[in-house]
Amino acid sequence: MSMVQKVLMAEQGPEFSQLVQGYWRLGAWNMDAQARLTFLKQHVEMGITTVDNAAVYGDSEVLFGEALKLDPAMREKIQIVSKFGINSIAPATGEIRVSHYDSSKALILSSTENSLKRLGVEQLDALLVHRPDFLMDADQVAEAFYELKQSGKVKHFGVSNFNASQFDLLQSRLDTPLITNQVEINPLNFAVLEDGTTDQLQQYRIRPMAWSCLAGGSIFSEQSDQARRLRGALIELAEELGADSIEQVIFAWVLKHPSNPAALIGSGKIERVKDAVGALALDMSREQWYRIWVASKGHGVA
Ligand SMILES: NC(=O)c1ccc[n+]([C@@H]2O[C@H](COP(=O)([O-])OP(=O)(O)OC[C@H]3O[C@@H](n4cnc5c(N)ncnc54)[C@H](OP(=O)(O)O)[C@@H]3O)[C@@H](O)[C@H]2O)c1
């Protein structure tokens, strides 16, 4: 099996692994700290050195930090991405009566500080705005990013789930280039390929990070006509391409997009992570890519 390569995310940006391990679901993996460390080491050995987390992912940062603490030398071998900006409802305290977005300077600084503490590290390789905040004051975000960069707590900044104008607005106030827009891309939902989001990233030569490439697993289980059509096409293509699984075909479909995404893996099973790496060796033709598009849409191109 070939190693996953590092790719430059943007001009003046960091190098991340082309496949990134997502840690959103870590709390559900039922691993003790040693098993979490073993999992981390196993995917790093395959070249998957970039890990994705977020302040809002339950205990995920704490659990990851506990594992890292068992072998602090691992820190130098990985790139850690985290995100801020979602204040979840807190019925117990009554303090937050409705979940909401928050990109105020105070929140950005405190959330980052808390992420660093939970992860047990001094610096994040990248900090992303998790979701566009309707009350985002780009100047405040810029001030917070400037302070975090100056203090060495964050190396690079990016966004997630931003549309093209939200991206441009924030970038217009920053003196440091945004290095990614982390967005959902999978054969059940590729709205960002149609609404200008990935066009913009391609224009700026910034790689998206593609989340939920397997639609959170629903590609395998959803009983809609769309999902059924899609599974049919994926099974046929897996055979044609000599792929080991339909997951590989899906990852190859995401990776083929000319915006050159870094694709997130969400599984906590190392065999599935290994399987995803096999996607990098698949050579999908344009016609095969469109067969998945057509199966998902339920109609051909005009
Ligand atoms: N920025 C954002 O707003 C945002 C949103 C969502 C996610 N993310 C990031 O993207 C990462 C990946 O997202 P994701 O977890 O939704 O990825 P995903 O790869 O679409 O889904 C992973 C889920 O699919 C299951 N799965 C994998 N292969 C399967 C199969 N053959 N049959 C049935 N189920 C299967 C996995 O279960 P097993 O663990 O059992 O394999 C896991 O529960 C997250 O960890 C997070 O870092 C970001």
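The following paragraphs examine the structure supplied in this document. The written sequence of each chain sets the order in which its residues are numbered from 1. Predicted model: local features are reported for residues with pLDDT of at least 70 only, side-chain atom pairs are reported and counted for 80 or more only, and whole-chain, interface and lining totals are derived from all residues. Side-chain figures throughout are based on the complete set of non-hydrogen atoms in the structure, without hydrogens or water.

With that out of the way, let us pick up the overall build of the chain. The secondary structure listing takes helices from DSSP runs of H or I that are at least 4 residues long and strands from runs of E that are at least 2 residues long, numbered from the N terminus. Across its full length, the chain holds 11 helices and 12 strands. At 19 Å, the chain has a C-alpha radius of gyration in line with the 19 Å of a compact globule built from 302 residues. Across its three principal axes, the chain shows a C-alpha extent of roughly 50 × 45 × 40 Å. A fraction of 74% describes how many contacts in the chain between residues 6 or more apart in sequence connect residues 24 or more apart. In this count, Lys and Arg are taken as positive residues and Asp and Glu as negative ones, while His and the chain termini are left out. By convention, charge coordinates are those of NZ in Lys, CZ in Arg, CG in Asp, or CD in Glu. Within the chain, one finds 29 positive and 37 negative side-chain charges whose respective centroids are separated by 2 Å. Note on method: radius of gyration uses C-alpha positions; expected globular size equals 2.2 Å times residues raised to 0.38. In this analysis, two residues are considered to be in contact whenever any of their non-hydrogen atoms come within 4.5 Å of each other.

A separate point is the sheet that holds strand 3 (residues 19–22). We call two strands paired when DSSP finds no fewer than two bridges between them. With parallel pairing, eight strands are arranged side by side around a closed barrel as 3-4-5-8-9-10-11-12. The sheet shows a mean angle of 30° between the axes of neighbouring strands, direction not considered. In this sheet, strand 5 (residues 79–84) lies alongside strand 4 (residues 50–52) in parallel orientation, the contact comprising three bridges. Looking across to strand 5, one finds that Val51 is bridged to Ile80. Lines fitted to C-alpha atoms define the axes, with helix axes restricted to the stretch in contact, and inter-axis angles between N-to-C directions lie between 0 and 180 degrees. Most of the contacts of helix 9 (residues 246–255) go to strand 12 (residues 262–265), to which it runs at about 150°, and overall it touches strand 3, strand 11 (209–211) and strand 12.

With respect to spatial proximity, 27 residues lie near the ligand, and among them Asp52, Ser212, Ser267, Lys269 and Arg272 are the closest. The separation between an oxygen atom of the ligand and a polar main-chain atom of Ala215 is 3.3 Å. The separation between an oxygen atom of the ligand and a polar main-chain atom of Gly217 is 3.4 Å. Burial of the ligand by the protein amounts to 87% of the accessible area it has alone, namely 920 Å². Looking at the shell around the ligand, its residues break down into nine nonpolar, 11 polar and seven charged. Note on terminology: near, applied to a residue and a molecule or strand, indicates that one of the residue's heavy atoms is within 4 Å of it. For this analysis, a polar contact is any N or O atom pair within 3.5 Å, provided that within protein one partner can donate a hydrogen and the other can accept it, and provided that sequence-adjacent residues contribute only side-chain to side-chain pairs. Here the open area of atoms and residues is found with the Shrake-Rupley method and a 1.4 Å probe, where only the protein chains shown may cover a residue. Each residue receives one of three labels: charged for Asp, Glu, Lys and Arg, nonpolar for Ala, Val, Leu, Ile, Met, Phe, Trp, Tyr, Cys and Pro, and polar for the others, Gly being one of them.

Looking now at the environment of Gly232. Looking at the secondary structure, you find Gly232 in helix 8 (residues 225–241). Distance from Gly232 to Ile246, taken between C-alpha atoms, is 10.0 Å for residues 14 residues apart in sequence.

Looking at the element boundaries, Ser259 is found in the loop between helix 9 and strand 12. At 2.7 Å, the side chain of Ser259 and the side chain of His257 are in polar contact.

Residues Tyr101, Phe134 and Leu135 make up a contiguous nonpolar surface patch of about 420 Å² in total accessible area. Position of Leu135 among the secondary structure elements: in the loop between strand 8 (124–129) and helix 4 (138–150). The classification of residues rests on relative accessible area computed with a 1.4 Å probe and restricted to protein chains. Under 20% of the type maximum is buried, over 50% is exposed, and intermediate values are partly exposed. Residue classification places Leu135 among the exposed residues on the basis of a relative accessible area of 74%. Patch definition: residues above 30% relative accessible area lacking any salt bridge, with like charges linked at up to 9 Å and the nonpolar side chains Val, Leu, Ile, Met, Phe, Trp and Tyr linked at up to 5 Å. We define a salt bridge as a side-chain nitrogen of Lys or Arg found within 4 Å of a carboxyl oxygen belonging to Asp or Glu.

In this analysis, rings of Phe, Tyr and Trp, with Trp reduced to its six-membered ring, are considered paired at centre separations within 6.5 Å, and the interplanar angle assigns stacked below 30 degrees, edge-to-face beyond 60, and tilted for intermediate values. Applying the stated criterion to the full structure yields 12 aromatic pairs. A ring pair is formed by Phe167 and Tyr204, whose centres lie 6.1 Å apart and whose planes are at 40°; its orientation type is tilted. Taken together, the residues span a long stretch of sequence, with Phe167 in helix 5 (residues 164–173) and Tyr204 in helix 6 (residues 197–204) at a distance of 37 residues. The class of Phe167 is buried, set by a relative accessible area of 0%. Given a relative accessible area of 32%, Tyr204 falls into the partly exposed group. Taken together, a centroid distance of 4.8 Å and an interplanar angle of 10° make the contact between Trp253 and Trp289 stacked. With a gap of 36 residues between them, Trp253 in helix 9 and Trp289 in helix 11 (residues 286–297) connect regions that are remote in the sequence. Side by side, Trp253 and Trp289 carry an identical accessibility label, which is buried.

In short, shape yes, function no, at least from these values alone.
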